[in-house]
Amino acid sequence: RSVYDDQPNAHQRFMEKLDACIRNHDREIEKMCNFHHQGFVDAITELLKVRADAEKLKVQVTDTNRRLQDAGKEVIAQTEEIIRCRVQQRNITTVVEKLQLCLPVLEMYSKLKDQMNVKRYYSALKTMEQLENLYLPRVSQYRFCQVMMENLPKLREEIKEISMSDLKDFLESIRKHSDRIGETAMKQAQQQKTFGTSLQKQNNVNCGRNMHLGRSRILEAKNEMTLKRTLEEDDEHEEEVLTVQDLVDFSPVYRCLHIYSVLGDGETFENYYRKQRRKQARLVLQPQSNMHETVEGYRRYFSQIVGFFVVEDHILHVTQGLVTRTYTDELWNMALSKIIAVLRTHSSYCNDPDLVLELKNLIVVFADTLQGYGFPVNRLFDLLFEIRDQYNETLLKKWSGLFRDIFEADNYSPIPVANEEEYKIVISKFPFQDPELDKQSFPKKLPMSQSVPQIYIQVKEFIYASLKFSESLHRSSTEIDDMLRKSTNLLLTRTLSSCLQNLIKKPHIGLTELVQIIINTTHLEQACKYLEDFISNITNISQVTVHTARLYGLSTFKDARHAAEGEIYTKLNQKIDEFIQIADYDWTMSESDGRASGYLMDLINFLRSIFQVFTHLP
């Protein structure tokens, strides 16, 4: 550049110098080539030799490669097969691992389906819980698991509906069979009570073999009834050994309770069960309109109620929380008020003492049965005292008719006895003692008429009938004795007294009959002390007890005698008036013919015969 810039024609000179340099370098290159030419020729010669060898080597390599390729094809195929097998093996291992995760899920789901098919719903719910919490989370990425998860809530609802349907069937079943359940429970309670009573009676017999004949009669009659009842119950295919579990399948209740508890809906189930049972209780407590007509109506009514509460008591003791003691007590108090109201109403329609007595026995068995299950029954026994008054009223009505029949059938003449056997028969019926009469020879006449021993027997029968109601009331002997005496007093002072007063007022009763009635009432009055002894013997209560009531028969018979005496006075005056009124006197007679009028003679003879009858008055 400096050449171009400093001198003119520098370009020419520069090119000349450059050519000179090129020629110098060419000469040096030529020298160098001349110096190495032989080596170059040798190298070319050697290279040609190498090329020949390389050709041979190439042929050999090609042949070797061909042979190697031929040999490697099988290796490659086997290698590829090995690789494919290794891939398959890896896939199989993966599949096995996944199946090992899925198989338990599928097995559990299959188990769930089987449990559903055989109606093991509680186990099915447990299986669902395991599926959701343990198995499905492990394989949640698979589609079939999502399908399972979607089906589980539906299965739960299906189980709830099925279990609720079973519960409804159960409730309907126990509603229909509650009377049989109650009948079995009452029968068992009655058998236990009969067995205990029989043992007590046996002890009483062994301790008091010298008690009054009337007491022995009661014991014998009761023993016969107990034996007969035992034989009848033994013939009923041993149903007394059945329990409520034998009569009712409670599995629907347990199953439904467990299912709803597992589902966390136990409170809903409890409310539904209690609501339905309250409805059934109202139906059970509703009596039939004609229940009071037969004892079977009462028996079925009581059996249904007992069956209802026996089931509730069983549910109370075998489940936790479904029903509580507070719930059953509330239900019982409601039922008890309804029962008492129903019994008051229906028993008031009953006029048959035998039916009232059977009703009492049913109430006692009913109360004893439920008391054995822990239900308070004191109000029922209080009700029995009300029914006892009604029973006594029906007895009084019945015995009023018996007394009237006896008085109607009486001939109002002394009882004739032809021999000692007849005399003993009368004495066995009525406690009569007369030393003067005993000295007389047969045939002879007892001062009272036939109605006296019959009345006495009927009074004793009334006491027996009243005693039947007083039994099994869980009362002391003193209270029973007091009840018997009060009932007997009502019989004497009201029923018998009314019958005597009506008898005395009857127009066909003449003076002779009135005299005999006075004699009869005297002997009945004397027999009152024997009635007191009779009551003391059958109740085993001494008459010296401070609180022992006394019989008021004395005043009853005294009042009857006073009424009879007044009636005698009235009828005698009427008879005398009749004699005077029918007399036909000759008022125009100038002087007496020296003899009395025939009418006056008839009156005197009548009065003489009447006064002769009066001599028999005590």
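Residues numbered from 1 in each chain as written. Predicted model: local features only at pLDDT ≥ 70, side-chain atom pairs only at ≥ 80, totals over all residues. Heavy atoms only, no water.

As annotated in an unreviewed UniProt entry, the chain carries the name EXOC6 protein and is attributed to Turnix velox. Database annotation for the chain, UniProt heading Sequence similarities (unreviewed entry): "Belongs to the SEC15 family." (UniProt positions renumbered as here; feature names shortened; annotations may be inferred.)

Participant: Mind laying out the packing of aromatic side chains, listing which residues take part and the relevant values?
Facilitator: For the coordinates displayed, the defined rule picks out 17 aromatic pairs. Both rings, one in phenylalanine 302 and one in phenylalanine 366, keep their centres 4.8 Å apart while their planes meet at 35°; by these two values the pair is tilted. Linking phenylalanine 302 in helix α9 (residues 295-318) with phenylalanine 366 in helix α11 (residues 353-372), this pair joins segments that are 64 residues apart in sequence. Exposure remark for phenylalanine 366: the relative accessible area of 0% places this residue in the buried category. Geometrically, the ring pair formed by phenylalanine 309 and tryptophan 332 is edge-to-face, given 5.2 Å between the ring centres and 90° between the ring planes. Residue phenylalanine 309 is found in helix α9, and its partner tryptophan 332 is found in helix α10 (residues 325-347); the two are separated by 23 residues along the sequence. Each member of the pair, phenylalanine 309 as well as tryptophan 332, is classed as buried. Across the ring face of tyrosine 135, the terminal group of arginine 138 is positioned such that the distance to the ring centre comes to 5.6 Å. (Phe/Tyr/Trp six-rings, centres within 6.5 Å; stacked < 30°, edge-to-face > 60°. Helix = DSSP H or I, 4+ residues; strand = E, 2+ residues; numbered from the N terminus. Buried < 20%, exposed > 50% of the residue type's maximum accessible area, 1.4 Å probe, protein only. Lys NZ or Arg CZ within 6 Å of the ring centre and 35° of its normal.)

Participant: Could you give an account of a nonpolar patch on the surface, naming the residues involved and the relevant values?
Facilitator: On the surface, Phe40, Val41, Ile44, Leu47, Leu48 and Val50 cluster together to form a nonpolar patch covering roughly 520 Å² of accessible area. Mapping isoleucine 44 onto the fold places it in helix α2 (residues 10-117). (Patch = residues over 30% accessible without salt bridge, like charges linked within 9 Å, V, L, I, M, F, W, Y side chains within 5 Å. Areas by Shrake-Rupley, 256 points an atom, 1.4 Å probe, with all protein chains shown as cover. Salt bridge = Lys/Arg side-chain N within 4 Å of Asp/Glu carboxyl O.)

Participant: So, the pattern of salt bridges: which residues are in play, and what are the values?
Facilitator: Across all of its chains, the model carries 20 salt bridges by this definition. Linking aspartate 70 and arginine 66 is a salt bridge whose minimum nitrogen-to-oxygen distance equals 3.7 Å. In this pair, aspartate 70 and arginine 66 are both assigned in helix α2, 4 residues apart and thus about one turn of the helix distant. Relative accessible area serves as the criterion here: at 43%, arginine 66 is assigned to the partly exposed category. Ionic pairing is found between arginine 344 and glutamate 386, a salt bridge with its closest N-O pair at 2.9 Å. Taken as a pair, arginine 344 in helix α10 and glutamate 386 in helix α12 (residues 378-409) lie far apart in primary sequence, 42 residues in all. The network of salt bridges with shared partners includes Asp63, Arg66, Arg67 and Asp70.

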